[in-house]
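As a plain string of letters, each chain reads:
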Protein chains: 2
Amino acid sequence: MPRISRRTVLKGAGAAGTAASIAAPAVAQSSPTLKWRLATSWPKSLDTLFGGAERFADYVADATDNKFRIECFPAGAIQGVPGLQVTEAVSAGTVELCHTAPYYMAGTDPTFALACAVPFGLNGRMQSAWWREGGGEELINAFYEKHNIFGLLAGNTMAQMGGWYRREIATADDLKGLRMRIGGFAGSVMSKLGVIPQQLAGGEILPAFEKGTIDAAEWVGPYDDEKLGLHKAAKYYYYPGWWEGGAMLHIQVNRAKWSDLPRTYQAILGAAATEAGEFIVGRYDSQNPQALKRLVAAGTQLRPFSEATMDVCFRAAHELYAEISGKNEDFKKIWDAVRAFRLDQYLWLQLADSTYDNYMIVQQRKHTL
Amino acid sequence: MPRISRRTVLKGAGAAGTAASIAAPAVAQSSPTLKWRLATSWPKSLDTLFGGAERFADYVADATDNKFRIECFPAGAIQGVPGLQVTEAVSAGTVELCHTAPYYMAGTDPTFALACAVPFGLNGRMQSAWWREGGGEELINAFYEKHNIFGLLAGNTMAQMGGWYRREIATADDLKGLRMRIGGFAGSVMSKLGVIPQQLAGGEILPAFEKGTIDAAEWVGPYDDEKLGLHKAAKYYYYPGWWEGGAMLHIQVNRAKWSDLPRTYQAILGAAATEAGEFIVGRYDSQNPQALKRLVAAGTQLRPFSEATMDVCFRAAHELYAEISGKNEDFKKIWDAVRAFRLDQYLWLQLADSTYDNYMIVQQRKHTL
């Protein structure tokens, strides 16, 4: 019950209690007291991702005067809800909502990858524009409806690094036979290149390296990867992560629970997701340079993928998109939309933004900044 | 008065009215009914910028069940509050809040430019990270306090174009004697290069071209510039706008009005600014490519500034920063912080993000996207 009714009942006598009861429905409609559980795909140690979920919950509490409280759980903390299956738990109503990278569900339907990241797709900034002003939100939520969830954009990793390798990757041939931890849908493209992909939750990667069950692994970027200790297992750190020019993170809400919320709470959850998302991007950007310097000081060797290697991967990715589009209508519809948006975005990005940044990068290398 | 009290009073008899009165202060504290006026620096035709202010107001209304209503005014619509002086109106309490580009106040104190854009400063994404997770918000709001305002980050133009010119700018010498409309602080750098800068509000630029009082003008980018009709006045469209690798837009609130708000409303205004900001960036990014194609089809000639021209401008800008830092402590303190952040950011950006985007730009040019 909202505080006013409770206080009225507590402080007033009989008649006041009656009046409060008469008034209650309208108030309950606009600001009910709720307590929800949010499952995440993240270990608690990642203050970027798990911290983002906590920001989301904090903002909802602040904006509702603590009437709407959301408790965040790290991956695996809720029995029967593994970190990579939080979407299914929301769909089934086991928890009300989750914070995840939607492509963990790509095994169920590859269309989920388009809600998150596909190789050579939109970068993080373009994904935000596509979601908000390019029709992306409508397309993805129409697809999500089939899975009984409603999605809110809640962060982005921005372009990721290309992962940790025990030996150098000079050409695409060097990928053959590699047992690699790689997230979601990108594994399907990697398979075409001879990689043996494995999807592991963040906390399971270093142990797999140590047990010798993987030869390479990608997670996110310097700050998160350092926290997971991946530099202890492999020396060569490649870039860019061509499979994640950006990776959208979503708050996914059980559809019925979402529909039952008053409009005020829907607005507040939406803005909370945006706030959390901007926190995540800002935290990554402010912390990644520091982590990068620490990693290099500790012996990490930075390596770019060669353009020839990227070209092989680019072709493999687009072959896969054509194959899936031939048999999955949802995927085709959304991929066609993403592809058209991508073409326009890279037309525009190369003018003001890219020339500005490239000029400044030259200055950074010339030590004039 | 909040709705519950009013309904209680209306529906209940005497005793209920008394009970509601007893309860009222606590409610008034958490969700009072408010109506504020928001002055903007934008003409109503700009659905990016003025539209962003409207999104801000809409979200506040949605999240408070219409208890907190904010009316947005285009530049000049409130008597005595010109579009470029909205900050002063907020400071004086003439209006409660405004939406503006803070560098319009750089004539009062150049430190205001650091809250918005300085030549060769942070790009838009870096500004967001600096504001949220790099200490920027604290530094700027400590400075704003001297001017009786509190700032919320509410959008960014991202990297801007370098403006419209009637003849080509092959070298920095071609800038000499140019009467150019250029916003805020950048005019001071342009002065060092021989430009005669003029600060005009958006709606005044095309008339100035037509009257022959300016030879060149910059505003934002393709979508906004097309709306203002700048392509009708000049043929050459340069990039990048090295004076605005990003331009932060702020909601500025009168300090006393901000302090008087309940915590819930402060949280809601903060998230509303973030929501409005992401709308603005998304709208620019989704619309700029379309506008760019229309402009080029209509005869606009795209031209990059040469690296040599940029180098002359880069040196002039940094000479100015050193001069101002010698006599303005606020400027020095904040510029030193921005500069250190910039150095780290361009170290990091050149790895995953820049190599990814540059690879994709090559694909755009090769028609493989």
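Residues numbered from 1 in each chain as written. Chains lettered and ligands numbered in written order. Predicted model: local features only at pLDDT ≥ 70, side-chain atom pairs only at ≥ 80, totals over all residues. Heavy atoms only, no water.

## With respect to the state of the cysteines
All names here are of chain B. Taken as a whole and assessed by the stated rule, the structure comprises zero disulfides over all chains. This cysteine, Cys98, is not joined by any disulfide, and Cys72 carries the nearest cysteine sulfur, 11 Å off. For Cys98, a relative accessible area of 0% corresponds to the buried category. (Disulfide = S-S within 2.5 Å. Buried < 20%, exposed > 50% of the residue type's maximum accessible area, 1.4 Å probe, protein only.)

## Notes on the domain arrangement of chain A
All names here are of chain A. Along its sequence, chain A is organised into domain 1 (33-158 + 246-285) and domain 2 (163-243 + 302-365). For domain 1 and domain 2, the distance between their C-alpha centres works out to 22 Å. At the interface, 34 residues of domain 1 touch 40 residues of domain 2. Summing both partners gives a buried area of about 3,200 Å² for domain 1 against domain 2, and 71% of it is carried by carbon and sulfur. The largest contributions to the domain 1 side of the interface with domain 2 come from Pro119, Phe120 and Met126, which together make up 24% of the buried area. Our enumeration of links across domain 1 and domain 2 arrives at three salt bridges. Counting residues per element, the ones that place at least two in the side of domain 1 that touches domain 2 are α5 (124-133), α6 (136-145) and α11 (263-297). At four residues, α5 tops the list of elements feeding residues into the side of domain 1 that touches domain 2. A per-class count over the side of domain 1 that touches domain 2 returns 22 nonpolar, seven polar and five charged. (Domains from an automatic or database assignment. Contact = heavy atoms within 4.5 Å. Buried area = accessible area lost by both parts, 1.4 Å probe. Salt bridge = Lys/Arg side-chain N within 4 Å of Asp/Glu carboxyl O. Helix = DSSP H or I, 4+ residues; strand = E, 2+ residues; numbered from the N terminus. Nonpolar A, V, L, I, M, F, W, Y, C, P; charged D, E, K, R; others polar.)

## With respect to the relation of the copies chain A and chain B
Mapping chain A onto chain B calls for a rotation angle of 180 degrees and an axial translation of 0.0 Å; the resulting RMSD is 0.0 Å. Classification of the inter-copy transformation places it as that of a two-fold axis. A share of 100% of interface residues in chain A that are also interface residues in chain B marks the association as one of identical surfaces. (Least-squares fit on C-alpha atoms with pLDDT ≥ 70 in both.)

## Re the interface of chain A and chain B
With 92 residues of chain A at the contact, the number on the chain B side is 92 residues. Buried area between chain A and chain B, summed over both chains or domains, comes out near 8,400 Å², and the portion from carbon and sulfur atoms is 63%. The tally of links between chain A and chain B comes to 13 salt bridges. For Glu133(A), the salt bridge goes to Arg283(B), with nearest N and O atoms at 2.7 Å. Counting every contact that joins chain A to chain B gives 36 residue pairs in polar contact (both at pLDDT 80 or more). Within the residue set of the side of chain A that touches chain B, elements represented by two or more residues are α1 (3-11), α2 (14-30), α3 (49-63), α5, α11, α12 (307-325), α13 (329-349) and α14 (352-366) of chain A. With 19 residues, α11(A) is the single largest residue contributor to the side of chain A that touches chain B. In terms of residue class, the side of chain A that touches chain B is made up of 42 nonpolar, 26 polar and 24 charged. (Polar contact = N/O pair within 3.5 Å; in protein donor to acceptor, adjacent residues only side chain to side chain.)

## Here's the deal with the sheet that holds strand β2 (residues 68-73) of chain B
Residue and element names in this part refer to chain B. On the basis of which strands lie adjacent, the open sheet formed by five strands has the order β2-β1-β3-β10-β4 and mixed pairing. The strands lining the two open edges of the sheet, one partner per strand, are β2 and β4 (149-156). Taking the axes of each pair of neighbouring strands and ignoring which way they run, one obtains an average angle of 25 degrees across the sheet. Bridge analysis of strand β1 (residues 34-40) against β2 gives six bridges, and the strand direction is parallel. By the bridge assignment for β2, Lys35 is matched with Arg69. Sheet strands in contact with helix α6 (residues 124-133) are β4 and β10 (248-254), and its direction is about 145 degrees off that of β4. Where helix α7 (residues 136-145) meets the sheet, its contacts fall on β4 and β10, and the angle it forms with β4 comes to roughly 135 degrees. (Pairing = 2+ DSSP bridges. Axes fitted to C-alpha atoms, helices over the stretch in contact; angles between N-to-C directions.)

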